[in-house]
Amino acid sequence: MTSKEKSVFFCKSCGNESPKWFGKCPACGEWNTCVEEKRQKAEDRRQKTEGGMVPVPIREITNAEEQRILLPYGELNRVLGGGLVLGSLVLVGGEPGIGKSTLLLQTALRLTGKKVLYISGEESQTQIKMRADRIGIHNEQCLILTETDTREILRHFKEVQPDLVVIDSIQTLSSPFVDSSAGTITQIRETAAEMNKIAKTYQVPVFLIGHITKDGSIAGPKILEHIVDTVLQFEGDRHYGFRILRTIKNRFGSSSELGIFEMNADGLREVNNPSEFLLSQRDEAVSGIAVAATLEGQRPMLIETQALVSTAAYGTPQRSTTGFDTRRMNMLLAVLEKRAGFRLNMKDVFLNIAGGIRSDDPAIDLAVVAAVLSSNADIPIDSRYAFAAEVGLSGEIRAVTRIDTRIAEADKLGFEKFFLSKYNAKGLDTHRFHLEVVPIASVVDLATELFG
Ligand code: TYD
Ligand code: MG
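Residues numbered from 1 in each chain as written. Chains lettered and ligands numbered in written order. Predicted model: local features only at pLDDT ≥ 70, side-chain atom pairs only at ≥ 80, totals over all residues. Heavy atoms only, no water.

A closer look at the site of ligand 1
Phase 1: Close to ligand 1 lie 15 residues; Gly-97, Ser-101, Thr-102, Arg-131 and Gly-267 are nearest.
Phase 2: Asn-264 places a polar main-chain atom, nitrogen or oxygen, 2.7 Å from a nitrogen atom of ligand 1.
Phase 3: Between ligand 1 and Gly-267, the relevant distance is 2.6 Å, taken from an oxygen atom to a main-chain nitrogen or oxygen of the residue.
Phase 4: Summarising the interface, the protein chains cover 76% of the accessible area of ligand 1, which totals 560 Å² for the free molecule.
Phase 5: Among the elements of the structure, α3 (100-110), α4 (125-135) and β13 (258-264) are those that each provide at least two residues to the shell around ligand 1.
Phase 6: Looking at the shell around ligand 1 residue by residue, the class counts come to four nonpolar, six polar and five charged. (Near = heavy atom within 4 Å. Polar contact = N/O pair within 3.5 Å; in protein donor to acceptor, adjacent residues only side chain to side chain. Areas by Shrake-Rupley, 256 points an atom, 1.4 Å probe, with all protein chains shown as cover. Helix = DSSP H or I, 4+ residues; strand = E, 2+ residues; numbered from the N terminus. Nonpolar A, V, L, I, M, F, W, Y, C, P; charged D, E, K, R; others polar.)

In structure tokens, the structure reads:
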């Protein structure tokens, strides 16, 4: 063999490749993300390029409807855009311990009439069996393989001929065509590309599990985004029972869908009615809470925004948020200060979106402003009020999309008043709803409406 080993350098964050070491990535501008890896051998690479496709005129390509497998969980089908597309490669990313293995194992066990090959490089067969026992479902059609070598995986794949493959996890796979260790960027890219080839060649969907660390960096998911068809992120506070499965990218559907699960002693349970789940049971009135009628993908959801406004103990006031953009909150506070005369510049302001939900729906603005004003005045807002509107820089209340859907959800849950932009109220058929619709023009208007 004449090939000589050569080093290449990768950016851990964006996957940029460079022949030289770098301190700052020339592609994404991140510092200290450079890792060195050995370049794969030229011969090996050549061996792999066999077969291939033939060019065809576009009119000869048949326009078949994408075929989908319906998975046993509606929440999972939803984030996939209505089921799992045959031949698709789906990455399920998330922090260790969040429940990725549980989700996919229980999906594999629940899926009837389909053969599933569950390949794990993370756990032993006994460990997987123990998890299956805990979940309490048994399925003869679900085969467990503990293997990490992609050549072996392909061999078993051809033998078993499964309808669905799960790889737990991409970080444990290694391809004999690349000589760097499992989990390195070269390996992750290579093995993912090989899995993609299996998926596309045999038209079998493949789930890849990928770990992400707290800082979201570990070699993997970011780099994989380009290779895979769909990226789902499993997230949520480990201290709460519920988990959110979010679509980050989807070639076969909307990328703003959300699925909600709850982790129990016997595995994950779907939460079909998130609003009831996300609204805390409030017996007594507490100030600083307002309910926002948001839209996550196609689905309306009522979530609580909680604010705490108090006099700053130290010179510089603290501003902190969970589940909401801090800069956005600062903007809203500046609007309240400048356009409505509320003195908040010497106050600490904490904001929390309940239930570990993170949302970037601008319609939450109005609830945030209402919660801040409520906490500031220490006057509770009626728990049967809901809010949905964007707040503009001049303090004006702006219209949001699909207001009917939002109102209908609040109506269904027994809310009594719905605060929205006066522009949304125009032309709205309010007779369909039991609740009262309250059009608002500005933040001053809101304050008057709520607290007189
Ligand atoms: P796991 O699926 O192993 O996470 P990941 O694959 O993302 O690393 O989930 C691990 C956590 O879930 C662990 O803390 C135990 C908990 N769990 C339950 O609470 N109930 C269950 O039925 C199962 C299987 C796990
Ligand atoms: Mg796992």
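Digging into the environment of Ala-313
Phase 1: As for its position among the elements, Ala-313 is in the loop between β16 (299-311) and β17 (319-322).
Phase 2: For Ala-313 and Asp-348, which are 35 residues apart along the polypeptide, the C-alpha to C-alpha distance reads 8.0 Å.

As for the nonpolar core
Phase 1: One finds Val-372, Phe-387, Phe-419 and Leu-446 to be the most contacted residues of the largest nonpolar core, which totals 45 residues.
Phase 2: The element best represented in this core is helix α10 (residues 365-377), accounting for eight residues.
Phase 3: Looking at this core, you find at least three residues from each of domain 2 (67-271) and domain 3 (277-451).
Phase 4: Setting aside residues up to four positions removed in sequence, Val-372 forms contacts with Ala-307, Val-309, Leu-333, Leu-336, Leu-344 and Val-349. (Core = buried A, V, L, I, M, F, W, Y, C linked by side-chain atoms within 4.5 Å. Buried < 20%, exposed > 50% of the residue type's maximum accessible area, 1.4 Å probe, protein only. Domains from an automatic or database assignment. Contact = heavy atoms within 4.5 Å.)

Describing a nonpolar patch on the surface
Phase 1: A cluster of nonpolar side chains, Val-56, Ile-58 and Ile-61, forms an exposed patch at the surface whose accessible area comes to about 330 Å².
Phase 2: Mapped onto the elements, Val-56 comes out in the loop between α1 (42-48) and β4 (68-69).
Phase 3: Overall, the relative accessible area of 48% leaves Val-56 in the partly exposed class. (Patch = residues over 30% accessible without salt bridge, like charges linked within 9 Å, V, L, I, M, F, W, Y side chains within 5 Å. Salt bridge = Lys/Arg side-chain N within 4 Å of Asp/Glu carboxyl O.)

With respect to the environment of Glu-235
Phase 1: Residue placement: Glu-235 occurs in strand β11 (residues 230-235).
Phase 2: Along the backbone, Glu-235 and Ile-381 are 146 residues apart, and their C-alpha atoms lie at a distance of 30 Å.
Phase 3: In contact with Glu-235, other than residues within four places in its own chain, are Ile-98, Arg-243, Ile-244, Arg-246 and Arg-358.
Phase 4: Reaching out from Glu-235, the side chain makes a polar contact with the side chain of Gln-233 at a distance of 3.3 Å.

Side note on the packing of aromatic side chains
Each aromatic ring pair is described using two quantities: the centre-to-centre distance and the angle formed by the ring planes.
Phase 1: Within this structure, the stated rule accounts for five aromatic pairs.
Phase 2: The interplanar angle of 75 degrees and the centroid separation of 6.3 Å between the aromatic rings of Tyr-73 and Phe-261 together place this pair among those described as edge-to-face. Linking Tyr-73 in the loop between β4 and α2 (74-79) with Phe-261 in strand β13, this pair joins segments that are 188 residues apart in sequence. Here Tyr-73 and Phe-261 have matching classes, each one buried.
Phase 3: An aromatic cluster of three or more residues is present, and its members are Tyr-73, Phe-234 and Phe-261. (Phe/Tyr/Trp six-rings, centres within 6.5 Å; stacked < 30°, edge-to-face > 60°.)

Let's talk about the pattern of salt bridges
Phase 1: Within this structure, the stated rule accounts for 22 salt bridges.
Phase 2: Between Arg-299 and Glu-75 there is a salt bridge whose closest N-O contact spans 2.9 Å. Of this pair, Arg-299 sits in strand β16 while Glu-75 sits in helix α2; the two residues are 224 residues apart in sequence, bridging distant segments of the chain. Of the two residues, Arg-299 and Glu-75, neither departs from the other in class, the shared state being buried.
Phase 3: Close ionic contact of Arg-398 with Glu-396 constitutes a salt bridge, the shortest N to O distance being 3.3 Å.

Digging into the domain arrangement of the protein chain
Phase 1: Taken domain by domain, the protein chain holds domain 1 (4-40), domain 2 (67-271) and domain 3 (277-451).
Phase 2: Listed per partner, the contact involves 13 residues of domain 1 and twelve residues of domain 2.
Phase 3: Between domain 1 and domain 2 lies a buried interface of about 960 Å² when both sides are counted; carbon and sulfur atoms form 44% of it.
Phase 4: Here domain 1 and domain 2 share one salt bridge between them.
Phase 5: Taken together, the connections running from domain 1 to domain 2 amount to zero residue pairs in polar contact (both at pLDDT 80 or more).
Phase 6: When contributions to the side of domain 1 that touches domain 2 are tallied by element, the ones reaching two or more residues are β1 (7-11) and β3 (34-38).
Phase 7: Element by element, the count of residues in the side of domain 1 that touches domain 2 is highest for β3, at three residues.
Phase 8: Of the residues contributing to the side of domain 1 that touches domain 2, the split by class is four nonpolar, three polar and six charged. (Buried area = accessible area lost by both parts, 1.4 Å probe.)

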